[in-house]
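Here are the chains, one letter per residue:
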Amino acid sequence: MDDHSLPVLDMDDQSLPNHDMDDQIPTGLTRTKSQKRNALKKKHKIFHDQNRKSAKEEEKKKEEEEKKKEKEKEMTALLKHYHDQLMADMPDLPVYPHIVEDNPTIVDTLQDVEEKEKGPVSRQNIDNEFPDFVWLSEPGLHLGLTVEGKFCFASKIHAHKTEESADLMEKCLTKIMKISHAMPKITMNAAHAQSRLNKEGIETRVEGIMKIPAGHHSSQEKGKSVVGYAPTNTRAAAQILNKSITLNDPDFIEKFYTYRLALISPKVLNNFVVVGEKYTVPPFGQTNFNGSNAAFPFAGSLAVTSKNFSNLLHKDGDISDFVFGIWWNAKMDAQTKEYTPHFTADAAKKTTGGAFLFASYGYGVDFEECPNIVENIWKGNHDYHCTIQSHSVKGWTRFGTSIQTSRGLAMRTEALANMPPEERASKVINGDQRNAISPRRYSWHPLRMVNYKRLETLGDAILKFIDSEKVVAEHPHRHEGFLTKCEDYVVQNVPRTACYPKTAL
C-alpha cells in the first residue's frame, strides 16, 4: 500500500471517535452495563490500592526519618550526659565520648584484605574499603561507649610536654627502651606470631619486633611452672644492663604504669587487681616471686614493640578483661645506639602509618597526628584489634607497650597456690635466676652478670683432665689405646656421677 492510499486524519472535533465505543464493537462483543461497572470498579480499586501503597510508603519513610531524628536527639543528649559526667571527674581534660556499636562487616572485610595482601592491612586499604572510618587524633580523652553506656575503649591523647610528671615519664620510657634492647625477640606471642593461611595456602606475615622486658610466663621447662623473662646472652646486653639498670627498675616501671592507668580509669585498674588477687599472679615488677609471695597484684607482663611493628586482626587469650598500653616516638643515637623519647609533632611524623585499630567498632588512633604520647585501653579478649603497617625514617621508631595477664600464667600461679609451701619455690624461676638454670641466658640482675655457659665449658675441661690423670696413674703399664677407652668410659656422666659422692666431690 502506498502513502496516497492511507486515510487522512482530520483533526476537526466532529471527526474524532466517540468515547462510547459500544456502537463500534461488533455484534456479540458489546459490554453490558454490569461489565462496565465491574471494569470501572476494578480500575478504581487499582488506583486506590496504588494510592494507599504510596501513602503507606510515604508514612513509613516519614516514621523512619522521625525515628532517626529522635535517635540523633537521644545520642546528642547521651553524649552530653557522658561528657558532663566525665568532665565532673576530670575537669582539666577535654573529654570526647563516642557512641559505638560492634560491626562484624568491618572485621570480615579487613581479614579478607589481610589474606589478599598476605600481611597486615595498611592505611590505604582501610581508606579504600571504609572512607568513613573514624580516626582519633584530637588531644584529650576519647571514650568509646555503647548506647547502654558500656565501656568499649579509651584513648588518651596528650597535646604536648607540659604536665608535671613529664620528667618522670621520660625517665621511665627511657628505662623501658634500654631494658628491652637487651631482651630476646618474642615469637610465640599471639599478637605477633599469629598467622593464618590465605585461600592460596600462603601464610600471612607480621612485621617488626616484640619483646617482653619484665614479667613472668608459664614454663615449658620440665619440673617448672612459672619462669621470668630474662635478657639474651650477648656482650651488648651485658654492657647495657651493667650500665643502665638498677635493682628497683622493674618495680619503678610497674608503679609508673599503675599511676598512669589510675589517672584514666580506676575501674580498669581495679580489674587488674581483682584478677591478680584471684589467681595469685605476681606483678611484672616483682623479681623475687617464690610461688606464694605475690606483691600488690597488677598485670603479669609488660610487652614492648618497635621497628615498624604490625600484626593481624586478632583477639587476645588473656585472663584479664582489659589491656593498657602507651605509645611514643624515639630517635636512636648513631654512636651509642640508644633511643631517646621525643614528644613533638615533628617526631610523630617520622613514622608514617602504624595506627592502632579498635577494628570491631570502626575506630583507630592516628599516631601520625598525635604530637605526644598516647595511652590506650581496650578489651583485648572481646574485640578485634591490631597495629597497621608503618614506615619510619632511618634512626627513628615508634615504641608501643601493653600490660596484660595471660591465661596460661594465671592457671599456673593458681595451681601453685594450691601446692604445699615447700614445693612452690622449686616450681618458679625468676628472671635473675635464669642464668643458673638455663646457661643460654644472662640474668638481667646487675649483680649477677655471669655467663654460666662459659664456666660450664671450663668446668668440663678440668673434670676431664682429673679423670685422665687418674686413669694414667692406675694403669702405668697399659698402652695408649687401652687408656683412651678407659678415659672415654670414665668421663661419661653416669660413672662420674656415681663416683663423686664417694670421693667427696
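If you're wondering where the values come from, they're calculated on a predicted model, not measured in any experiment. Each residue is numbered by its place in its chain's sequence as written, counting from 1. Thresholds applied to this predicted model are a pLDDT of at least 70 for local features of residues and 80 or more for the giving and counting of side-chain atom pairs; totals over whole chains, interfaces and linings are not thresholded and use all residues. Side-chain metrics rest on all non-hydrogen atoms present in the structure, leaving aside hydrogens and water.

Enquirer: Mind showing me how you'd approach the overall build of the protein chain here?
Expert: Per the convention used, a helix needs a DSSP run of H or I reaching at least four residues, while a strand needs a run of E reaching at least two, with both numbered from the N terminus. A tally of helices and strands in the protein chain yields 15 helices and 17 strands. Think of it in three bands: with a 1.4 Å probe and only protein chains considered, a residue is buried below 20% of the maximum accessible area for its type, exposed above 50%, and partly exposed in between. For the protein chain, the residues scored as buried account for 43% of the 505 residues in total. The contact rule is simple, with two residues in contact once any of their heavy atoms fall within 4.5 Å. For the protein chain, restricting intrachain contacts to residue pairs at least 6 apart in sequence, the fraction spanning at least 24 positions comes to 74%. Carbon and sulfur atoms make up 53% of the accessible area of the protein chain, which totals about 29200 Å². The method behind every accessible area is Shrake-Rupley, applied with a 1.4 Å probe, and residues are considered shielded solely by the protein chains displayed.

Enquirer: Before we go on, may I ask you to explain the nonpolar core in this structure?
Expert: Membership of the largest hydrophobic core comes to 38 residues, with the highest contact counts inside it found for Ile176, Ile253, Tyr257, Phe284, Phe298, Trp328 and Ile403. Elements represented by at least two residues in this core include exactly strand 3 (140–145), helix 4 (166–181), helix 7 (249–264), helix 8 (266–279), strand 7 (301–310), strand 8 (323–332) and strand 16 (396–404). Those residues in contact with isoleucine 253, other than ones at most four positions away along the chain, are Cys172, Lys175, Ile176, Ile179, Phe284 and Leu302. Residues belong to one nonpolar core when they are buried, are Ala, Val, Leu, Ile, Met, Phe, Trp, Tyr or Cys, and are joined through side-chain atoms within 4.5 Å. With 16 residues, the next largest nonpolar core counts Tyr361, Tyr363, Cys370 and Val374 among its residues.

Enquirer: Looking at this structure, I do not really get unusual backbone geometry. What am I missing?
Expert: When glycine is set aside, most residues are seen to have a negative phi, and most peptide bonds are trans. Not every positive phi belongs to a glycine, and threonine 280 is a case in point at roughly 55 degrees. You can see threonine 280 is positioned in the loop between helix 8 and strand 7. Here lysine 307, not a glycine, exhibits a phi torsion of approximately 55 degrees, which is positive. Looking at where lysine 307 falls in the secondary structure, it is placed in strand 7. Note on lysine 307: relative accessible area 43%, which makes it partly exposed.

Enquirer: So what exactly am I meant to see when it comes to helix 7 here?
Expert: Each α-helix winds once per 3.6 residues, and so residues spaced three or four apart point in a common direction. Expected helix span is given by 1.5 Å per residue-to-residue step, counting one fewer step than there are residues. Over its 16 residues, helix 7 extends 23 Å from the first C-alpha to the last, a length consistent with the 22 Å expected when each residue adds 1.5 Å. Taken together, the buried positions of helix 7 are Asp249, Pro250, Phe252, Ile253, Glu254, Phe256, Tyr257, Thr258, Arg260, Leu261 and Ile264.

Enquirer: Help me understand the packing of helix 7 against helix 8, please; the structure alone is not making it clear to me.
Expert: Describing two packed helices takes the angle between their axes plus the distance from one axis to the other. Direction vectors running N to C along helix 7 and helix 8 enclose 135 degrees, while the axes themselves pass 6 Å from each other. Our classification of the angle between helix 7 and helix 8 gives oblique. On helix 8, the residues that touch Thr258, Leu261, Ala262 and Ile264 of helix 7 are Pro266, Val268, Leu269 and Phe272. Axes here mean lines fitted to C-alpha atoms, for a helix over just the part in contact, with angles spanning 0 to 180 degrees between N-to-C directions. Roughly parallel refers to an angle under 35 degrees, roughly antiparallel to one over 145, roughly perpendicular to one between 65 and 115, and oblique to any angle outside these ranges.

Enquirer: Even after reading the chapter, I still don't get the packing of helix 4 against helix 7, so can you show me in this structure?
Expert: Viewed as axis vectors pointing N to C, helix 4 and helix 7 meet at an angle of 130 degrees, and their least axial separation amounts to 10 Å. Classified by the angle between their axes, helix 4 and helix 7 sit oblique to one another. Viewed along their axes, helix 4 and helix 7 form a crossing whose handedness is left-handed. The residues of helix 7 that touch helix 4, namely those facing Leu168, Met169, Lys171, Cys172, Lys175, Ile176 and Ile179, are Asp249, Phe252, Ile253, Phe256, Tyr257 and Arg260. Less than a right angle of anticlockwise turn of the near helix away from the far helix marks a crossing as left-handed, whereas a clockwise turn marks it as right-handed.

Enquirer: Would you take a moment to explain a nonpolar patch on the surface for this structure?
Expert: A cluster of nonpolar side chains, namely Leu458, Ile462, Phe465 and Ile466, defines an oily patch on the protein surface of about 410 Å² accessible area. As for its placement among the helices and strands, isoleucine 462 is situated in helix 13 (residues 452–474). Residue isoleucine 462 is classed as partly exposed on the basis of its relative accessible area, which comes to 45%. Patch membership is restricted to residues that have no salt bridge and whose relative accessible area is over 30%. Joining uses 9 Å for like charges and 5 Å for the nonpolar side chains Val, Leu, Ile, Met, Phe, Trp and Tyr. Counted as salt bridges are all cases of a side-chain nitrogen of Lys or Arg within 4 Å of a carboxyl oxygen of Asp or Glu.

Enquirer: Help me out: how do you make sense of the side chain of histidine 314 in this one?
Expert: Positionally, histidine 314 belongs in the loop between strand 7 and strand 8. A distance of 2.8 Å separates a polar side-chain atom of histidine 314 from the backbone oxygen of leucine 312. Pairing of N or O atoms within 3.5 Å defines a polar contact, subject to two protein rules: one partner must be a possible hydrogen donor and the other a possible acceptor, and residues neighboring in sequence count only if both atoms are side-chain atoms. Separated by 3.3 Å, the side chains of histidine 314 and aspartate 316 make a polar contact.

Enquirer: I keep staring at the environment of methionine 169 and nothing clicks. Help me out?
Expert: Inspection of the secondary structure puts methionine 169 in helix 4. In this structure the C-alpha to C-alpha distance between methionine 169 and isoleucine 253, which are 84 residues apart in sequence, comes to 9.7 Å.

Enquirer: Sorry if this is basic, but what is going on with the pattern of salt bridges here?
Expert: Oppositely charged side chains can form a pair if their charged atoms are brought close together. Counted under the stated rule, the structure contains six salt bridges. A salt bridge links arginine 123 to aspartate 366; the shortest N-O distance between them is 3.4 Å. With a gap of 243 residues between them, arginine 123 in helix 3 (residues 123–129) and aspartate 366 in the loop between strand 12 (363–365) and strand 13 (374–378) connect regions that are remote in the sequence. For arginine 123, a relative accessible area of 27% translates into the label partly exposed.

Enquirer: So what exactly am I meant to see when it comes to the packing of aromatic side chains here?
Expert: Ring pairs (aromatic) are described by centroid distance and by the angle formed between their planes. When the centres of two rings from Phe, Tyr and Trp lie within 6.5 Å, Trp using its six-membered ring, the rings pair. Their planes under 30 degrees apart give stacked, over 60 give edge-to-face, and anything left gives tilted. Following the criterion strictly, the structure yields 17 aromatic pairs and no others. With a centroid separation of 4.2 Å and an interplanar angle of 10 degrees, the aromatic rings of phenylalanine 153 and phenylalanine 358 are classed as stacked. Separated by 205 residues along the polypeptide, phenylalanine 153 in strand 4 (residues 151–157) and phenylalanine 358 in strand 11 (residues 356–358) bring together distant segments of the chain. On the basis of an interplanar angle of 80 degrees and a centroid distance of 5.5 Å, the ring pair of phenylalanine 356 and phenylalanine 358 is categorised as edge-to-face. Residues phenylalanine 356 and phenylalanine 358 agree in their burial class; the two are buried. It is arginine 123 that lies over the ring of tryptophan 135; its NZ or CZ is 3.9 Å from the centre. Note on criteria: charge over ring means Lys NZ or Arg CZ within 6 Å of the ring centre, with the direction from the centre no more than 35 degrees off the ring normal.

The values are spatial; any link to function lies outside them.
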